[in-house]
Amino acid sequence: MSVRTRFAPSPTGYLHVGGARTALFSYLFARKHGGQFVLRIEDTDLERSTAESVNAILEGMTWLGLDYDEGPFYQTERFDRYNQVIDELLARGLAYRCDCPKERLDRLREDRMARRLKPRYDGHCRGNAVDPDRPHVIRFKNPEEDVVVVDDMIRGRVVFSNAELDDLIIRRSDGAPTYNLTVVVDDADMAITHVIRGDDHLNNTPRQINILRALGHEPPRYAHLPMILGGDGTRLSKRHGAVSVVAYRDHGYLPEALLNYLVRLGWSHGDQEIFSVEEMIELFDIGAVNKAAASFDTDKLDWLNQQYLQRADPARIARLLSPHMGRLEIDPSSGPDLVDVVKAQAARAKTLTELAEISAFVYRDFEAFDEVSAKKHLRPVAREGLERLRAAFELMAYEDWTADGLRHVVEGVAEELGTNMGKVAQPLRVAIVGRAASPGIDETLMLVGKDATLRRIDTALAFIAARAGTE
RNA sequence: GCUCCCUUCGUCUAGUGGUUAGGACGCUGGCCUCUCACGCCGGUAACAGGGGUUCGAAUCCCCUAGGGAGCGCCA
């Protein structure tokens, strides 16, 4: 039988990193075994499910490249099927109608809590003939004896006693089926062989297995993934900044970097840190996934993103960078090829957003010198060097404005002055970039171009003069 | 409260009875160097606690502590 996994989010929010990792692991497992990966939208909670959420989830999946073979299937479109199954359970005496009033249920709950017991429905209506025409819910008749064994691919053997379980509601009084029923029917109908999901579902699993068995199905294999915690070790939430995967895209992260980060959360392969998707598929082993929850560490994600920024095709990075330049109101087509900028800058940024910020100087004059840099490098002693450089640059023809030619000019001026490169290049760098960090001075000059270089040196000389006057 | 799950550097992890407890991020010292970054070399830092079992425990067992999940006409 071919392997079939599924990702089954409920559309009550965006796709967050925890969900994305669950989807990734399901995807990898299916791909590794040559099986299928199914997307199912669990939207039976009409109150909280929204179309925007569905779109956000699909958008996140697409951005990450987690392509599914079937779906998206929507549970709201399968109510007839669920009801058919519930009726069958009812007819076979495996489920029953219950009209216990809320007050009775509340009292039961309080009673049991007071007696230090787990709140649990007592099966009061099991033998009652409840009028089908009066308001009621349908409960599944859970076995009272024995145990249910979950042979989890990550947790190992987990045993639950049926005495701990109660007769759960499978159809609400409004006629809508509930989660534990729909999951089971869908996983069976969709021939899911491996259920990979968050470990918040581990406690639901014995109930689902019981329903599955009542329906005459063999349960699938289960793998319950540990949760992902925020950087402070608490549950992931909006407090932790960008929790939506699409927000990571907007903040300038590469999908392959996020995927790589996520796959290493709870899983590893020796000392390897960098994995392409192809490698993940080849090496991923669900049985080797950790049991303990992991904390999300933005610093490490940043490092990975920088690694990918350096290694990726510059042309592709340039395309992705363009909108980030746009956000700074810069039109890259107005200046040097963005691909050249990417080649010069890629190793210097952690995100596309940062890459755009540190590259803005190529396309437009900066507004003010970085205070610390200017104080250190734009001093009267730098004046003569800048003047000589300016004179030399002015004499250069536009077609000679090359990295090699520019480096010779700067080196030449340093030699004339009998000083080292740093004494000449740093003031020049601050003059044309605005701060003391940029690619090599030759590359930097080349990207900025002759006109802007001369203009900015003039500005810097004026700055030095003004400063000399006030001191 | 009850049931289930979890526990190695700050963080992600390797480790399956004998290791100087390894790697990565971060932090940090240095090298490279026209700056920053990259890269390279080095440092910092962990087996939650207590009992067992064993010649020998991070590894096996028990207890405690701490954390998490579930106990819904949410999923």
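Please read all numbers here as calculations on a predicted model, not as lab measurements. (Residues numbered from 1 in each chain as written. Chains lettered and ligands numbered in written order. Predicted model: local features only at pLDDT ≥ 70, side-chain atom pairs only at ≥ 80, totals over all residues. Heavy atoms only, no water.)

(A) Examining the sheet that holds strand E4 (residues 95-98) more closely. Across the sheet, three strands lie side by side as E4-E5-E8; this open sheet has antiparallel pairing. Only two strands of the sheet have a single neighbouring strand rather than two, namely E4 and strand E8 (169-171). Here the strands of the sheet are splayed against their neighbours by 45 degrees on average, with no regard to which way each runs. Note: strand E5 (residues 137-140) against E8, two bridges, orientation antiparallel. Residue pairing in the sheet places Ile 138 in a bridge with Arg 171 of E8. Against the sheet, helix H3 (residues 79-91) touches E4, E5 and E8, its axis set at about 125 degrees to E8. (Pairing = 2+ DSSP bridges. Helix = DSSP H or I, 4+ residues; strand = E, 2+ residues; numbered from the N terminus. Axes fitted to C-alpha atoms, helices over the stretch in contact; angles between N-to-C directions. Contact = heavy atoms within 4.5 Å.)

(B) Here's a closer look at helix H6 (residues 205-214). In terms of burial, H6 is largely enclosed, as nine of its ten residues are buried. Downstream of H6 by a residue or two, Gly 216 has a phi angle that is positive, lying close to 85 degrees. (Buried < 20%, exposed > 50% of the residue type's maximum accessible area, 1.4 Å probe, protein only.)

(C) Layout of the protein's contact with RNA strand B. In the vicinity of RNA strand B, 59 residues are found, and the nearest of them are Arg 155, Arg 172, Gly 266, Ala 347 and Ala 436. Atoms of RNA strand B within 4 Å of the protein: sugar and phosphate make up 70%, bases the balance. With respect to RNA strand B, the side chain of Gln 310 contributes an N or O atom lying 2.9 Å from a sugar or linking oxygen. Of all the secondary-structure elements, those providing two or more residues to the surface near RNA strand B are helix H4 (102-114), strand E7 (156-161), strand E12 (294-295), helix H10 (298-311), helix H17 (421-433) and helix H18 (441-448). It is H10 that contributes the most residues to the surface near RNA strand B, six residues altogether. The residue makeup of the surface near RNA strand B, split by class, is 21 nonpolar, 17 polar and 21 charged. (Near = heavy atom within 4 Å. Polar contact = N/O pair within 3.5 Å; in protein donor to acceptor, adjacent residues only side chain to side chain. Nonpolar A, V, L, I, M, F, W, Y, C, P; charged D, E, K, R; others polar.)

(D) Examining the side chain of Asn 210 more closely. By the element assignment, Asn 210 lies in helix H6. Since its relative accessible area comes to 8%, Asn 210 is described here as buried. What Asn 210 contacts, discounting residues up to four positions off in sequence, is Phe 140, Asn 142, Pro 143, Val 148, Asn 162 and Leu 165.

(E) Examining H3 more closely. Here H3 contains 13 residues, and its C-alpha end-to-end distance of 18 Å stays within 8% of the 18 Å for a straight helix at 1.5 Å per residue. Burial in H3 covers these residues: Phe 79, Tyr 82, Asn 83, Val 85, Ile 86, Leu 89 and Leu 90. The buried residues of H3 occupy an angular sector of 160 degrees when projected down its axis, which confines them to one face. Away from its buried face, by an angle of more than 90 degrees, H3 presents the exposed residues Asp 80 and Ala 91. Where H3 is buried, its residues touch E4, E5, E8, helix H5 (179-189) and H6. Gly 93 sits one or two residues past H3 and shows a positive phi near 75 degrees. (Expected span 1.5 Å × (residues − 1). Arc of directions from axis to C-beta.)

(F) Up close: the packing of helix H11 (residues 314-327) against helix H12 (residues 338-345). As a packed pair, H11 and H12 sit with axes 9 Å apart at the nearest point and diverge in direction by 100 degrees. Of the possible angle classes, the one that applies to H11 and H12 is roughly perpendicular. In this structure, H11 contributes Pro 314, Ala 315, Ile 317, Ala 318, Leu 321, Ser 322 and Met 325 to the contact, and H12 contributes Leu 338, Val 339, Val 342 and Lys 343. Among the residues making up the contact of H11 with H12, the classes are represented as nine nonpolar, one polar and one charged. (Parallel < 35°, antiparallel > 145°, perpendicular 65-115°, else oblique.)

(G) Geometry of the pattern of salt bridges. This structure, assessed with the given rule, holds 35 salt bridges. Among the salt bridges present, the one from Arg 383 reaches Glu 387, with a minimum N-O distance of 3.5 Å. Note that Arg 383 and Glu 387 are positioned in helix H15 (residues 380-395) at a spacing of four residues, about one turn of the helix. Counted as one network, the salt bridges with shared partners bring together Arg 6, Arg 40, Glu 42, Arg 78, Arg 81, Asp 186, Asp 187 and Asp 189. (Salt bridge = Lys/Arg side-chain N within 4 Å of Asp/Glu carboxyl O.)

(H) Region of the structure containing the packing of aromatic side chains. Enumeration over the complete set of coordinates arrives at eleven aromatic pairs. In textbook terms, an aromatic cluster arises when at least three aromatic residues are bridged by ring pairs, as seen for Phe 25, Trp 267, Phe 275 and Phe 284. Sitting over the face of the ring of Tyr 121, Arg 139 holds its NZ or CZ atom 3.5 Å from the ring centroid. Positioned above the aromatic ring of Tyr 398 is the side chain of Lys 450, whose terminal nitrogen or guanidinium carbon lies 5.0 Å from the ring centre. (Phe/Tyr/Trp six-rings, centres within 6.5 Å; stacked < 30°, edge-to-face > 60°. Lys NZ or Arg CZ within 6 Å of the ring centre and 35° of its normal.)

(I) Summary view of the nonpolar core. Grouped together as the largest cluster of nonpolar side chains are 105 residues, with contacts concentrated most on Ile 286, Leu 386, Phe 393 and Leu 428. In this view, Leu 428 contacts Leu 386, Leu 389, Phe 393, Val 410, Ile 441, Leu 445 and Ile 457; residues no more than four positions away in its chain are not counted. Judged by nonpolar contacts, the second largest core, of 30 residues, contains Val 148, Ala 176, Leu 181 and Met 190. (Core = buried A, V, L, I, M, F, W, Y, C linked by side-chain atoms within 4.5 Å.)

(J) Molecular detail of the environment of Val 245. As for its placement among the helices and strands, Val 245 is situated in helix H7 (residues 245-250). By relative accessible area, which is 0% here, Val 245 ends up buried. Separated by 225 residues in sequence, Val 245 and Ala 20 place their C-alpha atoms 7.5 Å apart. Once residues within four sequence positions are removed from consideration, Val 245 is found in contact with Leu 15, His 16, Val 17, Ala 20, Gly 60, Trp 63, Leu 64 and Leu 258.

(K) Representation of unusual backbone geometry within the structure. A cis amide bond links Gly 71 with the next residue in sequence, Pro 72, at an omega value of 5 degrees. On the secondary structure map, Pro 72 appears in strand E3 (residues 70-74). You will see that Asp 146, though not glycine, has its phi angle at about 65 degrees, which is positive. Within the secondary structure, Asp 146 sits in the loop between E5 and strand E6 (147-152). Of note, the phi angle at Ala 191 is positive, near 55 degrees, even though the residue is not glycine. The topology assignment puts Ala 191 in the loop between H5 and strand E9 (194-198). Among the residues examined, Ala 191 registers a relative accessible area of 36% and is labelled partly exposed.

(L) Structural detail: the side chain of Arg 112. Here Arg 112 shows up in helix H4. Although buried, Arg 112 forms no salt bridge, and the nearest oppositely charged side chain, Glu 164, lies 7.0 Å from it. Non-local contacts of Arg 112, meaning those with residues more than four positions away in its chain, are made with Leu 117, Lys 118, Pro 119 and Arg 120. (Lys, Arg positive; Asp, Glu negative; His and termini not counted.)

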